[in-house]
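# Descriptive structure summary
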Amino acid sequence: MPRNKREIKTLMQHIEQMLKAEFAAIQAGSEVHVSKGWNDNIHVLVVSHAFKGIPAKARDDMVWPILEKLPETEMRHISLCLLLTPEEAETPFATGIQS
C-alpha cells in the first residue's frame, strides 16, 4: 500500500498507463486524466465518445475491469472515477450528470 507522496505519484502514473493502454488505445480520441485527491486519494477522469448514450453502469463495466487488475491495497486509493462524454466534461457539475 502506498504510504508516501512518491509511491502515490508512481501509482497514479501506473493507473494512467493502464487506462491509456487498455481503454484509450482501443477507443480512439479518449482522454485519461489521473490526479491526486485529498490525502492519499486518487481521482480518475476518462473522457470518451464511446460513453455517448451509455448509462453509468455500462460505462463502469467498460473501465472498472481494467482498474480491478490493481491489487486491492492500491485500488482502494481511487476515491473518484468519472466516466464522461466530451459534452458532459464541458457541462458544469452544478447541472448534474444524467445517467
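The structure reproduced in this document is the subject of the present report. (Residues numbered from 1 in each chain as written. Predicted model: local features only at pLDDT ≥ 70, side-chain atom pairs only at ≥ 80, totals over all residues. Heavy atoms only, no water.)

### A word on the overall build of the protein chain
The criterion, for reference: A helix here means a DSSP run of H or I that spans at least four residues, while a strand means a run of E at least two residues long, and both kinds are numbered starting from the N terminus. Partly exposed residues are those whose accessible area sits between 20% and 50% of the maximum for their type, while under 20% is buried and over 50% is exposed, using a 1.4 Å probe and protein chains only. Only the protein chains shown count as cover for residues, and all accessible areas are computed by the Shrake-Rupley method using a 1.4 Å probe.
For the protein chain, the helix and strand inventory stands at four helices and three strands. Moving toward the C terminus, one meets the helices and strands of the protein chain in the order α-β-β-α-α-β-α. Expressed as a percentage of the 99 residues in the protein chain, the buried residues total 33%. When the accessible surface of the protein chain is totalled, it reaches about 6300 Å², and 53% of it is carbon and sulfur.

### Remarks on the sheet that holds strand 3 (residues 78-84)
As a reminder of what qualifies: Should DSSP find at least two bridges between two strands, the strands are taken to pair. To define axes, lines are fitted to C-alpha atoms, for helices over the stretch in contact only, and angles between the resulting N-to-C directions are given on a 0 to 180 degree scale. Contacts are assigned to residue pairs with any non-hydrogen atoms lying within 4.5 Å of each other.
Strand order in the open sheet formed by three strands is 1-2-3, and the pairing between neighbours is mixed. Each having just a single partner strand, strand 1 (31-36) and strand 3 make up the two edges of the open sheet. Averaged over neighbouring strand pairs, the angle between their axes works out to 10 degrees when direction is ignored. As judged from the six bridges shared by strand 1 and strand 2 (residues 42-47), these two strands associate in the antiparallel manner. The partner of Lys 36 across the bridge, within strand 2, is Ile 42. Strands strand 1, strand 2 and strand 3 of the sheet are contacted by helix 1 (residues 5-24), whose axis makes an angle of about 165 degrees with strand 1.

### Notes on the environment of Ala 89
Examined against the element boundaries, Ala 89 turns out to sit in helix 4 (residues 86-90). When the C-alpha atoms of Ala 89 and Leu 45 are compared, they prove to be 9.3 Å apart, with 44 residues separating the residues in sequence. In contact with Ala 89, other than residues within four places in its own chain, are Val 47 and Leu 84.

### Observations regarding the side chain of Arg 59
Cut-off, in case you're wondering: Side-chain atoms alone can form a polar contact between residues adjacent in sequence; in general such a contact is a pair of N or O atoms within 3.5 Å, and within protein one must be able to donate a hydrogen while the other accepts it.
Its location among the elements puts Arg 59 in helix 2 (residues 56-67). Separated by 2.8 Å, the side chain of Arg 59 and the backbone oxygen of Leu 83 make a polar contact. With residues near it in sequence (within four places) discarded, Arg 59 still touches Phe 51, Ile 54, Leu 83, Leu 84, Thr 85 and Glu 88.

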